[in-house]
Amino acid sequence: MKSRSFSLLTLVVPLMTLILILSPSKAAAFPFSPGEVIRFQIKVFGLHVGYQDMKFTGPVMLNGRRVLHAVADTRSLESIKSAFNYSLHDVIEVWMDPVTLLPIRVYKDIQEGSWTDKVTIDIDQNNRTALYRDKRNPNGVRIPLRRATLDILSLVYYVRAQQAQPGTMLSADYIVDNKQGVKDANIAVRRADPLPVGGRSVPTLLFEQRGGQGVRLRMTDDANRVPVSITVGTFKVYGYDIDIVGSLVKVTRGQ
């Protein structure tokens, strides 16, 4: 039940959550603001295995540079530990360029069963290179980049910040780890099924990663661009593709 990338999909959104999502918000450069927290329910094989809290903390300083920071904290349920003798607690942090939303640094604190690791990826988008460091590679492994490159967490905020409409194709590769390096990827945008909310329909969009790890992000097609569901293809078992999927539980709006 590995989860090297955070993950999510399908859902029923509580009415009060959607009322909050669709309520008027302050005008802002991006459809999210400091303090916003989104909770997702995580499922594997349709089994509820945990929760993830994704928080946008906003502007911070990194090496003398003003950047945007976000964190995703994923934890498995106690019942999963009891049933399978397995627990997971992954924390992913990302620091992004405040204009492009492309990642500058990614940090992962990984606790998956008996496996633990701390990963730092420093990304130079201008010079098309990334330095990957973990406990096996303390001095770092240099990864060449072909073009603009995202990680899983920055992908969510990058996509939300776009004004892409159905038929659009976004170009951004996907950084995985030092073994796989970077995977070629594009993100296709298409209309998804509307979301029924209290007698009315809320339009949604589906962003499908072609290549990468097959990330699929469905979000509201409104000013807030709230992620409704996310799925990430992670690994294969006996020829079966295993997706970690999740669904929106609630949104706490930021400032």
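The residue numbering used here restarts from 1 in each chain and proceeds along that chain's sequence as written. Only residues with pLDDT of at least 70 are given local features in this predicted model, and only at 80 or more are side-chain atom pairs given and counted; all residues enter the totals for whole chains, interfaces and linings. Only hydrogens and water are removed before side-chain values are computed, so all heavy atoms of the structure are retained for them.

Student: Explain the overall build of the protein chain to me, please; I cannot follow it from the model alone.
Tutor: Under the scheme used here, helices are H or I runs from DSSP no shorter than 4 residues and strands are E runs no shorter than 2 residues, and both carry numbers assigned from the N terminus. Looking only at helices and strands, one finds three helices and 17 strands in the protein chain. Relative accessibility under 20% of the residue-type maximum defines a buried residue, over 50% an exposed one, and the middle range a partly exposed one, all with a 1.4 Å probe and only protein chains included. Sorting the 255 residues of the protein chain into buried and exposed places 52% on the buried side. Only heavy atoms matter for contacts: two residues are in contact if any of them lie within 4.5 Å across the pair. Partitioning the intrachain contacts of the protein chain with sequence separation of at least 6 by distance along the chain shows that 51% fall at a separation of at least 24. In this description, accessible areas are obtained by the Shrake-Rupley approach with a 1.4 Å probe, and a residue is regarded as covered only by the protein chains that are shown. Roughly 12,100 Å² of accessible area belongs to the protein chain as shown, and the carbon and sulfur atoms make up 52% of that amount.

Student: Can you walk me through unusual backbone geometry in this structure?
Tutor: Leave glycine aside and you will find that most residues have negative phi; peptide bonds, for their part, are mostly trans. Not every positive phi belongs to a glycine, and Asn63 is a case in point at roughly 50°. For Asn63, the location among the structural elements is in the loop between β2 (47–62) and β3 (65–76). Among the residues examined, Asn63 registers a relative accessible area of 70% and is labelled exposed. Residues other than glycine seldom take positive phi values, yet Asn85 does so here, at roughly 55°.

Student: Which parts of the structure should I look at to understand the pattern of salt bridges?
Tutor: Two side chains of opposite charge can pair, provided their charged atoms sit close to one another. Whenever Lys or Arg places a side-chain nitrogen within 4 Å of a carboxyl oxygen from Asp or Glu, that contact is recorded as a salt bridge. One pass over the full model with this rule turns up 15 salt bridges. A salt bridge links Arg133 to Asp122, with the nearest nitrogen and oxygen atoms 3.0 Å apart. Here Asp122 lies in strand β6 (residues 115–124) and Arg133 lies in strand β7 (residues 129–134), a separation of 11 residues in the sequence. Between Asp173 and Arg147 there is a salt bridge, and its shortest N-O distance comes to 3.0 Å. Residue Asp173 is located in strand β11 (residues 173–175), and its partner Arg147 is located in the loop between β8 (137–144) and β9 (149–150); the two are separated by 26 residues in the primary sequence.

Student: I'm lost on the environment of Pro144 in this one. Help?
Tutor: With respect to the helices, strands and loops of the structure, Pro144 is situated in strand β8. A C-alpha to C-alpha distance of 4.6 Å links Pro144 and Thr129, two positions 15 residues apart in sequence. Aside from chain neighbours lying at most four places away, what touches Pro144 is Arg128 and Val182.

Student: Is there a simple way to think about the packing of aromatic side chains in this case?
Tutor: When we look at a pair of aromatic rings, we describe it by the centre distance and by the angle of the planes. Ring pairs are drawn from Phe, Tyr and Trp, using the six-membered ring of Trp, whenever the two centres fall within 6.5 Å, and their geometry is named by plane angle: stacked under 30 degrees, edge-to-face over 60, tilted for the rest. For the coordinates displayed, the defined rule picks out four aromatic pairs. When the centroid spacing of 5.1 Å and the interplanar angle of 75° are considered together, the rings of Phe32 and Tyr157 count as edge-to-face. Of this pair, Phe32 sits in the loop between α1 (15–22) and β1 (36–44) while Tyr157 is found in helix α3 (residues 152–161), placing the two residues 125 residues apart along the sequence. Taking relative accessible area as the criterion, Phe32 reaches 6% and is therefore assigned buried. The exposure class assigned to Tyr157 is buried, which follows from its relative accessible area of 0%. Between Phe56 and Tyr157, the aromatic rings sit 5.5 Å apart at their centres with planes inclined by 40°, giving tilted as the arrangement.

Student: Mind showing me how you'd approach the pairing of strand β14 (residues 200–211) here?
Tutor: On any regular strand, side chains alternate: one points to one face of the sheet, the next to the other face. Following DSSP output, two strands are said to pair if at least two bridges run between them. Across 11 bridges, strand β13 (residues 185–197) lies against β14 in antiparallel orientation. Bridge assignment links Arg190 to a residue of β14, and that residue is Leu206. In sequence, β13 turns back onto β14 through a hairpin of two residues, with Gly198 there showing a positive phi of about 50°. Taken together, the five bridges between β14 and strand β15 (residues 216–220) define a ladder with antiparallel strand orientation. Across the sheet, the residue bridging to Phe207 is Leu217, located in β15. Here β14 folds back onto β15 in antiparallel fashion, the turn holding four residues, of which Gly212 has a positive phi close to 55°.

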